[in-house]
Amino acid sequence: MAELKVLISRQDIAKRVSELGAQITKDFSGESIILVGVLKGAAIFLSDLARNVDLDSTFDFIAVSSYGNRPSPTQELKSGWDSTGEVKLTKDVDQSMKNKNVILVEDILDTGLTMTYLKKMLFARQPRSLKVAALLDKPSRRKLPLEGDYVGFKIPDEFVVGYGLDYAEKYRNLADICIVPRE
Ligand code: 5GP
């Protein structure tokens, strides 16, 4: 594979995550929150974000997969992962969301299909509030109108890895966000 190119450095990520944490702390001042991470990509972002939030908070995790097969890594790199639009829940949260301040934590907003599905599903459980935090956002790829409430960086339509994001399950542990060249 061609060499990875750094798009967002670990220093810039740390700075932005601390700003997002401060914003959440301010917005929910005096209240408690549940951070719900979408596995596996959001695990690293959630753990850093949580340490920048100065509130009474708990974690939970959710996992989804797309109906239809995930394309081969080469295909995914070339044209992204355009699912059929149907998302399947493979792991639900462990606690009730009723009357809670829920923040869904995602690695990247791409077509918006996953987050639209998750928001709808959690909204039906009557949370007190429901917000979306996403480290990255590729607005040019959106198929459904969706805005994150706490967004780290808007990025162009590139395939990125690192800081939780994978390519065929690799590179999640890179400290920087890097572009995988499409050749
Ligand atoms: P959406 O439903 O918004 O299209 O999909 C979001 C999911 O697609 C993300 O959680 C992530 O798993 C995957 N994804 C979208 N863009 C990228 C990317 O550039 N790199 C990686 N590694 N995954 C991506």
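Just above, that's the structure.
The paragraphs below set out a description of the structure included in this document. What you see is a predicted model, and the numbers here were worked out from it, not measured in a lab.

## Brief notes about the pattern of salt bridges
- Evaluated as defined, the whole model comprises 15 salt bridges.
- Close ionic contact of arginine 16 with glutamate 19 constitutes a salt bridge, the shortest N to O distance being 2.8 Å. Of this pair, arginine 16 and glutamate 19 both sit in helix 1 (residues 10-27), three residues apart, roughly one helical turn.
- Of the residues examined, glutamate 19 reaches a relative accessible area of 36% and is grouped as partly exposed.
- Lysine 91 is the salt-bridge partner of aspartate 94, the closest N and O atoms lying 3.4 Å from each other.
- Residue classification places aspartate 94 among the exposed positions, given a relative accessible area of 66%.
- Connected through shared salt-bridge partners, Lys40, Asp166, Glu169 and Arg172 make up one network.

## Observations concerning the site of the ligand
- The full set close to the ligand counts 14 residues, and Asp107, Thr111, Thr114, Val160 and Asp166 are the nearest of them.
- In the model, an oxygen atom of the ligand is placed 2.4 Å from a nitrogen or oxygen of the threonine 111 side chain.
- The backbone of glutamate 158 places a nitrogen or oxygen atom 3.5 Å from an oxygen atom of the ligand.
- The fraction of the free accessible surface of the ligand (510 Å²) that becomes covered by protein chains is 89%.
- Sorting the residues of the shell around the ligand by element identifies strand 5 (101-109) and helix 4 (113-123) as the ones contributing at least two each.
- Ranked by residues supplied to the shell around the ligand, first place goes to strand 5 with three residues.
- Residue classes in the shell around the ligand are distributed as five nonpolar, three polar and six charged.

## A short note on the nonpolar core
- Of all hydrophobic cores here, the largest spans 29 residues; its most connected members are Ile24, Phe45, Leu135, Leu136 and Ile177.
- Every element with two or more residues in this core is listed here: helix 1, strand 2 (32-39), helix 2 (43-50), strand 5, strand 6 (129-137), strand 7 (150-154) and strand 9 (177-179).
- By size, the runner-up hydrophobic cluster in this structure holds 17 residues, among which are Val38, Ile62, Leu118 and Leu122.

## Things to note about the sheet that holds strand 4 (residues 87-91)
- If you trace the six strands from one edge of the open sheet to the other, you get 4-3-2-5-6-7, paired in mixed fashion. Two strands bound the open sheet, and with one partner strand each, they are strand 4 and strand 7. For this sheet, the mean angle separating the axes of adjacent strands, direction not counted, is 30°.
- Examined bridge by bridge, strand 6 and strand 7 share four bridges and lie parallel to one another. Within the sheet, the bridge partner assigned to leucine 136 lies in strand 7 and is phenylalanine 153.

The rules behind these values
- Residues numbered from 1 in each chain as written.
- Predicted model: local features only at pLDDT ≥ 70, side-chain atom pairs only at ≥ 80, totals over all residues.
- Heavy atoms only, no water.
- Salt bridge = Lys/Arg side-chain N within 4 Å of Asp/Glu carboxyl O.
- Helix = DSSP H or I, 4+ residues; strand = E, 2+ residues; numbered from the N terminus.
- Buried < 20%, exposed > 50% of the residue type's maximum accessible area, 1.4 Å probe, protein only.
- Near = heavy atom within 4 Å.
- Polar contact = N/O pair within 3.5 Å; in protein donor to acceptor, adjacent residues only side chain to side chain.
- Areas by Shrake-Rupley, 256 points an atom, 1.4 Å probe, with all protein chains shown as cover.
- Nonpolar A, V, L, I, M, F, W, Y, C, P; charged D, E, K, R; others polar.
- Core = buried A, V, L, I, M, F, W, Y, C linked by side-chain atoms within 4.5 Å.
- Pairing = 2+ DSSP bridges.
- Axes fitted to C-alpha atoms, helices over the stretch in contact; angles between N-to-C directions.

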